[in-house]
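Listed below are the residues making up each chain.
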Amino acid sequence: MKEVTEVGKLKEGRFIIVDDEPCRIVGFSTSAPGKHGHAKAKIDAIGLFDGQKRTIVKPTSAKIEVPIIERGSAQVLAIVSNNAQLMDLNTYETFELPIPINLRGDVKEGVEVEYLQALGRRKIDRVKG
């Protein structure tokens with residue numbers, strides 16, 4: 001799911017969609033309007049799922065897609081190699097997600113984690129507690 005917003009209303013820490021990839025904004029700067037044009041915004045963003053840095057330049061009045069990020073809590077049921085089998089604590093749905101490299105030592109059976117869901121994809125974001 002996604003929404004549309006104006007580029008000029010964005011801030012660092014918010015999310016946008018670049019090349020069909022939900023991204024977190026890590027840098028946002030605007031230039032003054034030119035003689036014949038509009039003020040431009042330069043946006044540096046990092047992909048939520050692939051970690052790639054992307055940069056776009058758009059007029060501040062242009063429209064841009066913003067992903068609807070849902071957060072959920074899940075309990076780790078089992079760990080199989082670098083994947084965690086999780087159970088959502090609200091819906092009791094079970095699913096499997098890869099464990100991010102920076103969380104490999106912290107994700108253990110029985111631990112509660114927070115995951116992000118955007119554009120039909122999920123990712124473990126952090127370990128709770």
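This text goes with the structure placed above it.
Because the structure is a prediction, the values reported are computed rather than measured.

The rules behind each value
What you see as residue numbers is a count from 1 along each chain, following the sequence as written. Per-residue local features of the predicted model are confined to residues with pLDDT of at least 70, and side-chain atom pairs are confined, for both listing and counting, to 80 or more; whole-chain, interface and lining totals are unaffected and use all residues. Note: side-chain values were computed over all heavy atoms of the structure, leaving out hydrogens and water. Each helix corresponds to a stretch of at least 4 residues labelled H or I by DSSP, and each strand to a stretch of at least 2 residues labelled E; elements are numbered beginning at the N terminus. A simple rule labels every residue: compare its accessible area, found with a 1.4 Å probe on the protein chains alone, to the largest value its type can have, and call it buried under 20%, exposed over 50%, or partly exposed in between. Any two residues whose heavy atoms approach within 4.5 Å at even a single point are treated as in contact. A 1.4 Å probe and the Shrake-Rupley method give the accessible areas. Residues count as covered only by the protein chains that appear here. None of His or the chain ends enter the tally, which takes Lys and Arg as positive and Asp and Glu as negative. Taken as the charge centre is NZ of Lys, CZ of Arg, CG of Asp or CD of Glu, depending on the residue. Two strands are counted as paired when DSSP detects at least two bridges linking them. Throughout, an axis means a line fitted to C-alpha atoms (over the contacting stretch in the case of helices), and angles, computed between N-to-C directions, take values from 0 to 180 degrees. Definition used for salt bridges: Asp or Glu carboxyl oxygen within 4 Å of a side-chain nitrogen of Lys or Arg.

A.B. asks: Would you mind going over the overall build of the chain in detail, with residue names and values included?
C.D. replies: Looking only at helices and strands, one finds zero helices and 11 strands in the chain. What you see in the chain, going N to C, is helices and strands ordered as β-β-β-β-β-β-β-β-β-β-β. Along the three orthogonal principal directions, the C-alpha set of the chain runs to about 60 × 25 × 25 Å. Out of the 129 residues in the chain, the part that is buried amounts to 36%. Put simply, of all contacts in the chain between residues at least 6 apart along the chain, 46% involve residues at least 24 apart. A total accessible area of about 7,600 Å² is found for the chain, and carbon and sulfur atoms account for 47% of it. For the chain, the centre of its 20 positive side-chain charges and the centre of its 18 negative side-chain charges are spaced 8 Å apart.

A.B. asks: An account of the sheet that holds strand S7 (residues 70–80) is needed here, citing residue identities and associated values.
C.D. replies: What the five strands build is an open sheet, ordered S9-S8-S7-S10-S11; its pairing is antiparallel. In the strand order of this sheet, the two ends are held by strand S9 (94–98) and strand S11 (121–127), each with one partner. Within the sheet, the average angular offset between the axes of one strand and its neighbour, ignoring direction, is 45°. As paired strands, S7 and strand S8 (residues 83–88) are joined by six bridges and run antiparallel to one another. Of the residues in S8, the one forming a bridge with Val80 is Asn83.

A.B. asks: Can you lay out the pattern of salt bridges for me, pointing to particular residues and giving the numbers?
C.D. replies: Opposite charge on two side chains permits them to pair, given that their charged atoms come into close proximity. Considering all chains together, one arrives at 11 salt bridges under this definition. The residue Glu65 makes a salt bridge to Lys2 at a minimum N-O spacing of 3.7 Å. With a gap of 63 residues between them, Glu65 in strand S6 (residues 63–67) and Lys2 in strand S1 (residues 2–6) connect regions that are remote in the sequence. Residue class for Glu65 comes out partly exposed when judged on its relative accessible area of 32%. Residue classification places Lys2 among the partly exposed positions, given a relative accessible area of 44%. Across the pair Glu21 and Arg121 runs a salt bridge whose closest N-O atoms are separated by 3.0 Å. In this pair, Glu21 is assigned in strand S3 (residues 21–31) and Arg121 in strand S11, connecting sequence segments 100 residues apart. Judged by its relative accessible area of 33%, Arg121 falls in the partly exposed class. Three or more residues joined by partner-sharing salt bridges are found here, namely Arg71, Glu114, Asp125 and Arg126.

A.B. asks: Let's hear about the sheet that holds strand S2 (residues 15–18): which residues, and what values?
C.D. replies: Working definition: the strands of a sheet are paired by backbone hydrogen bonds and lie parallel or antiparallel to each other. Strand order in this open sheet of four strands is S2-S3-S4-S5, and the pairing throughout is antiparallel. Each end of this open sheet is capped by a strand with a single partner; those strands are S2 and strand S5 (53–59). Across the sheet, the mean angle from the axis of one strand to that of its neighbour is 45°, orientation sign disregarded. The pairing of S3 with strand S4 (residues 40–47) spans eight bridges and is antiparallel. When the bridges of S4 are listed, Phe28 appears paired with Ile43.

A.B. asks: Please give an account of the pairing of S11 that cites residues and values.
C.D. replies: Sheet analysis places strand S10 (residues 112–118) next to S11, joined by six bridges and oriented antiparallel. Paired with Leu116 across the two strands is Lys123, which belongs to S11. Between S10 and S11, which pair antiparallel one after the other, the connecting turn spans two residues, and Leu119 there sits at a positive phi close to 50°.

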